[in-house]
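Commentary on secondary and tertiary structure
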Amino acid sequence: MSKTILIVDDEEDIRTILEYNLKKEGYKTYLAKNGLEALESANHNTPDLILLDVMMPEMDGMEVCEIMRKNAQFNNTLICFLTARNEDYSQVAGLEVGADDYISKPIKIRILVSKIKAMLRRSETAITNDFISDLQIHRDKYLVVKNGEQIHLPKKEFDLLSLLMSNPNSVFTREIIMEKVWGNDIVVGDRTIDVHIRKLRLKLGDEYIKTIKGVGYKFLPESE
């Protein structure tokens, strides 16, 4: 079955170009010209990936992403921002609301297609579940349970926690985290990892993830 992609941008030319090129790659596409249309389309179609413009009328991309990340229906949906704003704060803000990645305008089609393929490929990893102390991770359901309470995480946060929990007490370097969670063909900085670690700690508690200064992070099955 072909993967589905929702293209959200208020510029018709961009929607048309992206739709044409993604259909050539075998993807099924849906279109929306603003945030409200994006939410309506996503609710009906539950796309595998959303290309989401940041600056739009009606409702901007940040707000759309934040709303979707609170809905368990979209736990498996990847979100990639399209933005003409190259400032560092804009990129960090996108990660804060649950985006998986971003690409800057003007869009280079070959780079965009390569990034989409990499994101979708990494989302199709083998499914196993871990049960450690009072924290359980159900990879088949994209669900984390702490003391019997369900916690729904955006995909990149889930992937990061899943990686750390796959080998408790082992240190994962920043380089390994970047490779396994974001992929070698996607350039992310240390701040990207830090943002996701901080958000995991806010949701799960500080006791699970330990910082190894200058190296990376490890998951603690028991408090040290």
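Being a predicted model, the structure only gives us computed values, none of them experimental. As a convention, each chain's residues are numbered from 1 in the sequence order in which they are written. For this predicted model, a pLDDT threshold of at least 70 governs which residues receive local features, and a threshold of 80 or more governs which side-chain atom pairs are given and counted, while totals over whole chains, interfaces and linings are taken from all residues. Side-chain figures throughout are based on the complete set of non-hydrogen atoms in the structure, without hydrogens or water.

1. Brief notes about the sheet that holds strand β10 (residues 171-173)
Let me state the cut-off plainly: Between any two strands, at least two bridges found by DSSP are needed for them to pair. Here a strand is any run of E in DSSP of at least two residues, a helix any run of H or I of at least four, and the numbering for each starts at the N terminus. Orientation is described by axes fitted as lines to C-alpha atoms, over the contacting stretch for helices, and by angles from 0 to 180 degrees between their N-to-C directions.
Taken together, the three strands give an open sheet; going across it, the order is β10-β12-β11, and neighbouring strands pair in antiparallel fashion. With partners counted over all chains shown, the strands left at the sheet margins are β10 and β11 (209-212), one partner each. When strand polarity is set aside, the average angle formed by the axes of neighbouring strands in this sheet is 30 degrees. Bridge analysis of β11 against strand β12 (residues 216-219) gives four bridges, and the strand direction is antiparallel.

2. As for the nonpolar core
What counts is decided by this rule: The nonpolar core is taken to be a set of buried Ala, Val, Leu, Ile, Met, Phe, Trp, Tyr and Cys residues, with the residues joined through side-chain atoms within 4.5 Å. The buried label goes to any residue with under 20% of its type's maximum accessible area, the exposed label to any with over 50%, and the partly exposed label to all in between, with areas taken from a 1.4 Å probe on protein chains only. The contact definition used throughout considers only heavy atoms, calling two residues in contact when any of these lie within 4.5 Å.
Ranked by size, the top nonpolar core spans 24 residues in total, and within it Val144, Leu161, Leu164, Ile177 and Leu204 carry the most contacts. Broken down by secondary-structure element, the contributors of at least two residues to this core are β7 (135-138), α6 (155-165), α7 (174-182), α8 (190-204) and β12. It is α6 that provides the largest number of residues to this core, a total of six residues. Beyond its immediate chain neighbours, meaning those up to four positions away, Leu161 contacts Ile137, Val144, Leu153, Leu200, Leu204 and Phe219. Residues Ile50, Cys65, Met68 and Val97 belong to the second largest nonpolar core, which totals 21 residues.

3. Looking at the confidence of the model for the protein chain
Selection criterion: As a per-residue quantity, pLDDT reports the predictor's confidence and falls between 0 and 100.
Here the protein chain shows a mean pLDDT of 84. Residues at 70 or above account for 85%. By mean pLDDT, strand β6 (residues 129-132) is the weakest element of the protein chain at 60, and strand β1 (residues 4-8) is the strongest at 97.

4. Thoughts on the environment of Glu175
Note on placement: Glu175 falls in helix α7. Taking the C-alpha atoms as reference points, Glu175 and Val215, separated by 40 residues in sequence, lie 9.0 Å from one another.

5. Details of helix α1 (residues 12-24)
As a reminder of what qualifies: Expected helix span is given by 1.5 Å per residue-to-residue step, counting one fewer step than there are residues.
Its 13 residues give α1 an end-to-end C-alpha distance of 18 Å, which sits within 8% of 18 Å, the value for a rise of 1.5 Å per residue. Every buried residue of α1 is accounted for by Ile14, Arg15, Leu18, Glu19, Asn21 and Leu22. Phi for Gly26, located one or two positions after α1, is positive at around 95 degrees.

6. What to know about the pattern of salt bridges
Rules: Any Lys or Arg side-chain nitrogen found within 4 Å of a carboxyl oxygen on Asp or Glu counts as a salt bridge.
Summed over all chains, the structure comprises 12 salt bridges. For Glu19, the salt bridge goes to Lys23, with nearest N and O atoms at 3.4 Å. One end of the pair is Glu19 and the other is Lys23, both in helix α1 and four residues apart, which spans about a single turn. Ionic pairing is found between Arg69 and Asp100, a salt bridge with its closest N-O pair at 2.8 Å. In this pair, Arg69 sits in the loop between α3 (61-68) and β4 (78-83) while Asp100 sits in the loop between α4 (88-96) and β5 (101-104), placing the two residues 31 residues apart along the sequence. Comparing Arg69 with Asp100 shows no difference in burial state: the two are buried. If you follow the salt bridges from partner to partner, you end up with Asp9, Asp53 and Lys105 in one network.

7. Focus on the environment of Asn76
Along the polypeptide, Asn76 turns up in the loop between α3 and β4. Taking the C-alpha atoms as reference points, Asn76 and Pro154, separated by 78 residues in sequence, lie 8.3 Å from one another. The residues touching Asn76, leaving out its near neighbours within four places in the chain, are Asp48 and Tyr142.

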